[in-house]
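Summary of structural features
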Amino acid sequence: MDLMLLAPELTLVVTGLAVLLIGLFIPVGSKKILGFLATLGILAALALTVTSLGTEATMFDETLSIDALSQFFKIVFLVVLLLVSIASIKYTEGSDNTEEFFSLAIFATIGMMFVASANDLMVLFVAFELASLATYALAGFEKNNPRSIEASMKYFMIGSLSAALLLFGISFIYGMTGTTSIPAIAANAGGLVTNPIGIVALVLMLAGFGFKIALVPFHMWAPDTYQGSPSVVSALLAAGSKKMGIVAAFKVFIIALIALQAEWQMVFAILAVVTMTYGNVVALSQTSVKRMLAYSSLAQAGYISMAFVVLTPMALGGGILYALSHGFMKAGAFIATGAVVYMVLSQNKNTENPDHLDNFRGLGRRMPITALSMTIFVFALAGIPLTAGYMSKFILFSSTIQSGLVWLAVIAILNSALSLYYYARVVKYMYFLPTDAERVSEPLPYTIALAVAVIGVLAIGFWPEPFVHWAMEAAKVLIPGGI
Amino acid sequence: MAIGDLAFLIPLLPALAFVLTFFLGKKLPNGGAIIPIAAIATSFVISLLITLNLLQNPGEVITQSYSWFAMFNLGILVDPLAAVMLTMVTFVSLLIHIYSVGYMSHDRSQSRYFAETALFTASMLSLILSDNILQLFISWELVGVCSYLLIGFWYQKPAAATAAKKAFLTTRIGDVMFLAGIVILFSDLFKIFNGTIPDGVFIMRFDEIFAHIPELAAMNANILGMEVSHITIITLLFFGGAVGKSGQFPLHVWLPDAMEGPTTVSALIHAATMVTAGVYLVARTFPMFIAAPDTLLVVAYLGAFTAIFAATMGIVMNDLKRVLAYSTISQLGYMMLGLGIGAAIGAEAVGMSIFHLINHAFFKALLFLCAGSVIHAVGTHDMRQLGGVAKVMPITAATMIIAALSLAGFGIPGTIFGTSGFFSKDAIIEGAYLFGESSGMWIPYVLSIVAALLTSIYIFRLIFMTFFGKPRTDYGGHESHASMTIPLSILALLALFFGGLTSRRFNDFVSETFGNNFVNMNIPELAEMGGYHLAAHVGHEPVLILWMPLIVAVAGLLIAYLIYGLKVVNMDNLVSRNNPVYKLLYNRYYQNAIFTDFISVKIIYEGFAFAVRSIDRGFDWVVNWISDVTIETGDSLRQFQTGVIQTYATAVVAGVGLLIVLIKVIMEVI
């Protein structure tokens, strides 16, 4: 066994601990350095992960596996963390708790990365909880802001319930198959198919993952939490933590519970349609941008869930690529909103609803870079060509049509069209509605984070070939020969 | 390092110059003109070196391709055809840029001007360099956008804004046809490959397209009961694009109006960067045209018709620049005719046509720059107010007369004495003769020879009215600055000598385009596929035919001299609104009435648009209804989101229960 395979995770652990410890001993004024330190560590971890692409190995008695799928998702998590971390350099400025913020974000990501590598349900659960606990605390980072506390509490309570359900499901699986190892479950699935308890276990686990992915009806915490949390944390939740649910579901359903394929494909078909439609329809009438993004994020989760229904290598590749694209788009959109909120609050500390759509009026003049980036992100989310969102949707939807599920593709495309309404509304507010407010300077860290995300979104849109290739490689891990 | 490795810099440098000038130009003297000038000069040097290298080593065609996505690539191809075009475009554009420093010195938006002309040049260069049809189309569209920006450069003037819109919309008709041709070509090739394209094969690249001409020719479509080969359809659509861009009848209407831009822009459009794109497109895809004889006939006839049609209007225009605009349309007609007679003489047609294109670039740029020099000094375009300008502007007058001689085609057949325009136009007219001889269709030849007479008349009418005689108004004026007259002199030398020095060699060089390591086409074989045989080479016609172009040119000069120099005929009777022929010509065959008032306003705007609007209203109602219902649904669904955590937990647990039951039930049913 080669410990170097865990180098990215170890780098993050060291970085997280170092940030935490150094933070104890330096004055508030110089805590800015912690953000730079964290960002450097994340960059190093990202570089290590990218260089390890292509390696395949299992570790610790086959409880962890390193393969194209795990590395792809680790890159997604690290990219999101990188964006969040850069933007947070400004967000945490002047805060007493800078070190906690960065180390919690890093620990959450370590959890996500272990989920991506998990090859055993116990490891998966523990890693899942590591990520969850860290993000519960992050959601309530603004401890003097009642909304933030409320967001955190709701998230925590529904999270605990879901964790209990997940564990419950795992225990059934263990009872029926006598193992928690993911490949071994697949091999011993006989009991699950014959006994109705298999379906119960399936749905319980689905509830656990569905909570993270924010599938209807396990989604209700998401709008409240995304809106109440600091924007950078919302970015981490929507862009990072959601993908953890997706990769976990990929592994558990497609590898371990493949014997129950017919059952979960049907459930995912229902949930995908309900989730995307519900998300898009409710998003139409939101006036809080963060809440609108939360519902849009539901819709996107619905699209990604289509990969489970179609279950061809191309569909899975599309879903996996969507995860990466969504990471850039959604994190970028939340960070752009964060920049606006920061601007609004720095002008008037007591503004109610700093992310209200009205605050985006004339943003094209006030904060041109933020406005332009936001435009690119929302258009990407809507699936306008030459952006990452378009490429992902194109692959996912066309694979759906290819496998004969035309009705599903039609619903998804109609939903996409519907979503353009609320995405374009943001652009309308930014560029076409007048404002008498002055131009304000845009904080550099936010701008850098936005620029990185824009580059990501456009790179996948303009030069999709390598990304599609990586996503397809990752999909092969799930269904080696295709189904 | 071989010079070919730098080929990619040719369009890239002007493109960079665009960015730099756009952002920094305002802070630099002369609007940052030095940046595009330096960039284009470098591009010119590279192009020239590549051309010279190709002349010595005909095998060293430069091809570089990079995979873009799927079966598409980005790449460059510099073969003789592209090389001469690159050299010409960079050279003419360079001179125009230098000239513009003086010409635009009083304009406040100089930096915008230079940025846009740099982008214009870059787009045209990348169009020429493309090794695949898709990249060519993208550059083609960029050229269109730049022309819109530059024609409407003085956007405060309503006439300029309208002209820009007209140019953009008219060429768009051609662009749509071109795009349709590409789409058909793509789907056909896709079919030929059975939908599986091997790695490393880029189906939009010219060599790949040309390699599949036999299969394309074998595909047939049934249109109105006629069996038409796909290659004919594709080439006709490509030609449709060329008709728009190169101002052929009936899409030529934008070109005269494009005079609303600065005169230097007109020179750029007419000589180097825009209208030649259409001719280039046909030349570039010539192997496809050769295999589609019906299309070549259309090209030949339409070219010849445009040549004479525009020339008749050139005779009656009183605006200096408009005469030149019609002259360009007419000369483009010759170039198209030159390509069309490829049906008789094969690949040599490309050499002839491009030769005329290059010579035309020199003398037309010269004509425009001279006109600009006159306008700059005198302040009017109207020839009726000029006269005797030669006395105040001797250099301008001398160079313009040289350009006129070249345009009219003065030279002695069978020798190397002659203006550039003589050699190329003469070759095309003789080619049209051969075409008539081999096919029995004499109309193109007759049209082209009459058009030559008219050409000579209108250009010397312009010379006599502007430069000789007595000033008709008190216009003042002075010779232009050296930065303007030096480019004039250089162009004049080329308009005089380029043709004579290179004639035979040039044709051979460009005709090699379709036989090298990148594309190796057997043109006669392709022609036989189209069902006809190629005739002999140019140069063996009866003596009278050889001398005919010169005779009509001299005749034209004499007629113009008698009427406008000596005034032996009183033109007042002819030039009156009572003369129906004059009226027809002066009103430009009522094109405005037909195209704008009747087709655009009556049929499209009032008829079609009104009908569509009524239908649209209906759709609007349905769409609004759907959106209202959806938004209301959204509002009511929001009510579920109570904010009470108990509800959320209930939803989770209830959801779990419901899903279990649902699966069980559905599984039982299935």
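Because the structure is a prediction, the values reported are computed rather than measured. (Residues numbered from 1 in each chain as written. Chains lettered and ligands numbered in written order. Predicted model: local features only at pLDDT ≥ 70, side-chain atom pairs only at ≥ 80, totals over all residues.)

Within chain A, the secondary structure is distributed over 20 helices and two strands. Taking the contacts inside chain A whose residues are at least 6 apart along the sequence as the reference set, 79% of them involve residues at least 24 apart. (Helix = DSSP H or I, 4+ residues; strand = E, 2+ residues; numbered from the N terminus. Contact = placed C-beta atoms within 7 Å.)

Scanning chain B from terminus to terminus reveals 27 helices and four strands. A separation of at least 24 residues holds for 80% of the contacts in chain B among residues at least 6 apart in sequence.

Residue and element names in this part refer to chain A. Interaxial distance between helix 14 (residues 313-347) and helix 17 (residues 388-402) falls to 8 Å at its minimum, and their mutual angle equals 160°. Comparing their axes, helix 17 and helix 14 come out roughly antiparallel. The two elements helix 14 and helix 17 cross, and the hand of that crossing is left-handed. Residues M314, A315, G317, G318, G319, L321, Y322, S325, F328 and M329 of helix 14 pack against A388, G389, M391, S392, I395, L396, S399 and T400 of helix 17. Of the residues belonging to the contact of helix 14 with helix 17, the class tally is ten nonpolar, eight polar and no charged. (Axes fitted to C-alpha atoms, helices over the stretch in contact; angles between N-to-C directions. Parallel < 35°, antiparallel > 145°, perpendicular 65-115°, else oblique. Left-handed = near helix turned anticlockwise from the far one by under 90°. Nonpolar A, V, L, I, M, F, W, Y, C, P; charged D, E, K, R; others polar.)

An ideal rise of 1.5 Å per residue puts 27 Å on 19 residues; helix 5 (residues 133-151) of chain B measures up with 26 Å between its terminal C-alpha atoms. For helix 5 of chain B, the tally of buried residues reaches 14 of 19 residues, placing the bulk of the element in the interior. (Expected span 1.5 Å × (residues − 1). Buried ≥ 20, exposed ≤ 12 C-beta atoms within 10 Å, placed from the backbone.)

Quick look at the environment of L408 of chain A now. Residue and element names in this part refer to chain A. Here L408 shows up in helix 18 (residues 406-431). Separated by 98 residues in the primary sequence, L408 and V310 have C-alpha atoms spaced 9.4 Å apart. Setting aside residues up to four positions removed in sequence, L408 forms contacts with A269, M306, V309 and T400.

So, on to the confidence of the model for chain B. The share of residues in chain B with pLDDT of 70 or more is 93%, and the mean pLDDT across the chain is 82. Scored by ipTM, the complex comes to 0.87, with pTM at 0.66. (pLDDT = per-residue confidence, 0-100.)

Okay, the environment of Q641 of chain B next. Mapped onto the elements, Q641 of chain B comes out in the loop between helix 26 (591-638) and helix 27 (645-669). The exposure class assigned to Q641 of chain B is partly exposed, which follows from the 17 C-beta atoms found within 10 Å. Residues contacting Q641 of chain B, with those up to four places away along its chain left out, are M220 and P223 of chain A.

We now examine the interface of chain B and chain A. Counting residues at the interface gives 23 residues for chain B, matched by 30 residues for chain A. Elements with a contribution of two residues or more to the side of chain B that touches chain A: helix 26 and helix 27 of chain B. Looking at which element gives the most residues to the side of chain B that touches chain A, the answer is helix 27 of chain B, with 13 residues. In the side of chain B that touches chain A, the residues fall into 14 nonpolar, six polar and three charged.

Another aspect to go through is the packing of helix 14 (residues 293-316) of chain B against helix 15 (residues 320-340) of chain B. Residues and elements named next belong to chain B. Relative orientation of the contacting elements helix 14 and helix 15 amounts to 160°, with a least axis distance of 7 Å. Relative to helix 15, the element helix 14 is oriented roughly antiparallel. Between helix 14 and helix 15 lies a crossing of left-handed hand. A per-class count over the contact of helix 14 with helix 15 returns 18 nonpolar, seven polar and no charged.

Bringing the environment of T447 of chain A into the picture now. All names here are of chain A. Along the chain, the position of T447 falls in helix 19 (residues 444-462). Exposure remark for T447: the 20 C-beta atoms within 10 Å place this residue in the buried category. Along the sequence, T447 and I86 sit 361 residues apart, while their C-alpha atoms lie 9.3 Å from each other. For T447, the residues in contact, after removing those within four places along its chain, are I369 and E442.

A separate point is the nonpolar core. One finds A365, L366 and A403 of chain B to be the most contacted residues of the largest nonpolar core, which totals 214 residues. With 19 residues, helix 17 (residues 348-378) of chain B is the single largest residue contributor to this core. Counting residues in hydrophobic clusters, the runner-up holds 196 residues, among them V247, A382, A412 and A474 of chain A. (Core = buried A, V, L, I, M, F, W, Y, C linked by C-beta atoms within 7 Å.)

Omega for the bond connecting V216 of chain A with P217 of chain A falls within 30 degrees of zero, at 5°, which places this linkage in the cis form. One can find P217 of chain A in the loop between helix 9 (197-213) and helix 10 (221-228). Cis geometry is found at the peptide bond from F249 of chain B to P250 of chain B, where omega equals 0°. Mapped onto the fold, P250 of chain B is located in the loop between helix 9 (230-245) and helix 10 (254-257). The phi dihedral of D61 of chain A falls on the positive side, at around 55°, and the residue is not glycine. Locating D61 of chain A in the fold gives a position in the loop between strand 1 (57-59) and strand 2 (64-66). Look at L386 of chain A: it is not a glycine, yet its phi comes out positive at around 70°. Here L386 of chain A lies in the loop between helix 16 (368-382) and helix 17. Under the C-beta neighbour-count criterion, L386 of chain A is labelled partly exposed, with 16 such atoms within 10 Å.

Take the pairing of strand 4 (residues 226-229) of chain B next. All names here are of chain B. Of the pairings in the sheet, the one linking strand 3 (residues 220-223) to strand 4 comprises four bridges and is antiparallel in character. Of the residues in strand 4, the one forming a bridge with A221 is V228. Joining the antiparallel neighbours strand 3 and strand 4 is a turn of two residues, in which L224 adopts a positive phi near 50°. (Pairing = 2+ DSSP bridges.)

Next up on the list: the pairing of strand 2 (residues 72-78) of chain B. In this structure, strand 1 (residues 62-69) of chain B lies alongside strand 2 of chain B, joined through seven bridges in antiparallel fashion. Bridging from a neighbouring strand, T63 of chain B pairs with L77 of chain B of strand 2 of chain B.

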